[in-house]
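Structural overview
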Amino acid sequence: MRTSQKRQVCILLPNKQHLDCNVRVRARGQEVLDRVLKQLGVSELQVLGLAVLRDNEYLFVDLEQKLSKYFGKTWKKGSLMVPFILFLRVQYYVESGLLIMSSKVQQLYYAELRQKVLNSKSRHQEALFFQLAASALQAEVGDLEPRAEEEGEEDKRRDKKHGLYFLPEDYFPSWLIKRRGRDFLLQHCPGLHAELRGLTCSQAILQFIKEAGNVQDGAITFYRIRQEKKELRSVILLGVASKGMHIYQEVEGKLCLLYDFTWTNIDRLTFQGSRFEISAVGSLCLPQLVYYTASAFNSKHILTHLRDSHRLHINSRSAVSYIQQLEEMQASHVYKEAYICDTTRLAQRLQTNSLSSSMSDCSVAIQTTTAWSEEECEEEQVTEFELCVDEPEELFVDDPAEVLWMVELAVDKPLMFPSSYWTAVAMEMKQVLRRRADEGVSVD
């Protein structure tokens, strides 16, 4: 009898491995997350989240909701023998891999980015994919052995041998292989790989993460939306990235950017059922954009993802600023010498200049640069998924009282990324960042 009250859940990881766990019928998402943390041996997933595949689209699970809400009637009728599938995916993309303090989580983040690069449709960034392939090879293969200096047939045989140590299909998008040919990639990629000799696996992964952020459809989560409510096929994609939101249109298999919104460009988002509106700041002179999602269920999850991504961007800015200053100094010979000779003084200077608390940083951002309004959905009747978003109450942040409300929402409300976490990251960064970057030491 107890067995019938259990359900088997299979969690698919970005690195193509999987985890299995048995949970109660009345289990919530948090229970599965706790099992995942225990099996992975990490204290928190940071940028990763549990997702369910619904209508060919990944929706991130609200950890406070029961799993039956996502699997419907099949969950109640299920048995211990039939597993239910969840996906561990990147929920929040970051501007630097150094923000991910756990090396295990960092490797899972890297694994998903690797797959996204292989599936990329960004055909106008061909050179970038060669750099990414070289970084991935350095991370996964290590240093490419130097070739002998002999000339003639022996040299040609060695060149050919160097070109066969990887499969182009594992490192390049299919369209690029078709465009250039396998022989071209096998001939030229080893040269780029050889230039990275000396980089540790950790350093190569960090470089790949940084470069992948420049791929148009790389470090971004897509949701399919429609221009008309009854439109059968969606050709519009809403992309959630670390710095804002993008709207694309698919044209003959290619992504065409329609609108590029940074968080400070967005004045208001309004969700009503499957309908949502995007209002840009007045200086952009854009009309109010109206789109439709697949359902009210999707709308609520997209809004939550947008809200939390914006909150992460605000709360992590001090840490990002610190990392950027370190990278700039390491790129300069003069500053690199100063960094080595007087690390204590340099750290104090950086702390004074850029490491303000997350709360004060967030307050300034909202009061001076952002008028961000999120319209939460009110439940007026119970549906299959306990959702109804007819006529939500509209909220603005022009009034000072409402600005204070937004500060509390962005900083004090317990979420996946509380401000205390990013404050701790910024402080800990001073102690571990240089060691991680130079030596590739794990901090798990």
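Residues numbered from 1 in each chain as written. Predicted model: local features only at pLDDT ≥ 70, side-chain atom pairs only at ≥ 80, totals over all residues. Heavy atoms only, no water.

As recorded by an unreviewed UniProt entry, the protein carries the name FERM domain-containing protein and is attributed to Eleginops maclovinus.

What to know about the pattern of salt bridges
Going by this rule: The term salt bridge refers to a pairing of a side-chain nitrogen on Lys or Arg with a carboxyl oxygen on Asp or Glu at a separation within 4 Å. Residue burial is assigned from relative accessible area. The probe radius is 1.4 Å, only protein chains are included, and a residue is buried under 20% of its type maximum, exposed over 50%, and partly exposed in between.
A full pass over the atoms with the stated rule returns 15 salt bridges. With its nearest N and O atoms 2.5 Å apart, the salt bridge here joins R275 to E277. When its relative accessible area of 28% is taken as the criterion, R275 is described as partly exposed. According to the relative accessible area criterion, E277 is buried, its value standing at 12%. Connected via shared salt-bridge partners are R24, E31 and R35.

Re helix α8 (residues 182–194)
Residue pairs three or four apart in sequence face the same way in an α-helix, which turns once every 3.6 residues. Put simply, the rule is: For helices the rule is a DSSP run of H or I covering at least 4 residues; for strands it is a run of E covering at least 2, with both sets numbered from the N terminus onward. Multiply 1.5 Å by the residue count of a helix minus one, and that product is the helix's expected span. Here the bend at each residue means the angle between axes fitted to two seven-residue stretches, the one ending at that residue and the one beginning there.
In this model, α8 (13 residues) spans 19 Å end to end at C-alpha, consistent with the 18 Å of a helix rising 1.5 Å per residue. Its maximal kink placed at H188, α8 deviates by approximately 25 degrees, while the proline P190 follows within four residues.

Remarks on helix α4 (residues 103–118)
With 16 residues, α4 extends 23 Å from end C-alpha to end C-alpha; this agrees with the ideal 22 Å at 1.5 Å per step. Where burial is concerned, most of α4 is hidden: 13 out of the 16 residues are buried.

Some remarks on the sheet that holds strand β4 (residues 57–60)
Here is the rule we go by: In this analysis, strands are considered paired if DSSP registers two or more bridges between them. To get an axis, fit a line to the C-alpha atoms, keeping to the stretch in contact for a helix; angles then go from 0 to 180 degrees between the N-to-C directions. By definition in these notes, contact holds between two residues if any of their heavy atoms fall within 4.5 Å.
With respect to topology, five strands assemble into an open sheet ordered β2-β1-β5-β3-β4, the strand pairing being mixed. A strand with exactly one partner marks an edge of an open sheet, and here the two such strands are β2 (18–24) and β4. This sheet shows a mean twist of 40 degrees between the axes of neighbouring strands, independent of strand direction. Strand direction decides the pairing type here: strand β1 (residues 6–12) and strand β5 (residues 84–90), joined by four bridges, are parallel. The partner of I11 across the bridge, within β5, is L86. Relative to β2, helix α1 (residues 29–40) is tilted by about 140 degrees, and along the sheet it contacts β1, β2, β3 (48–54) and β5. Packed onto the sheet, helix α10 (residues 296–315) meets β3 and β4 and runs at close to 60 degrees relative to β4.

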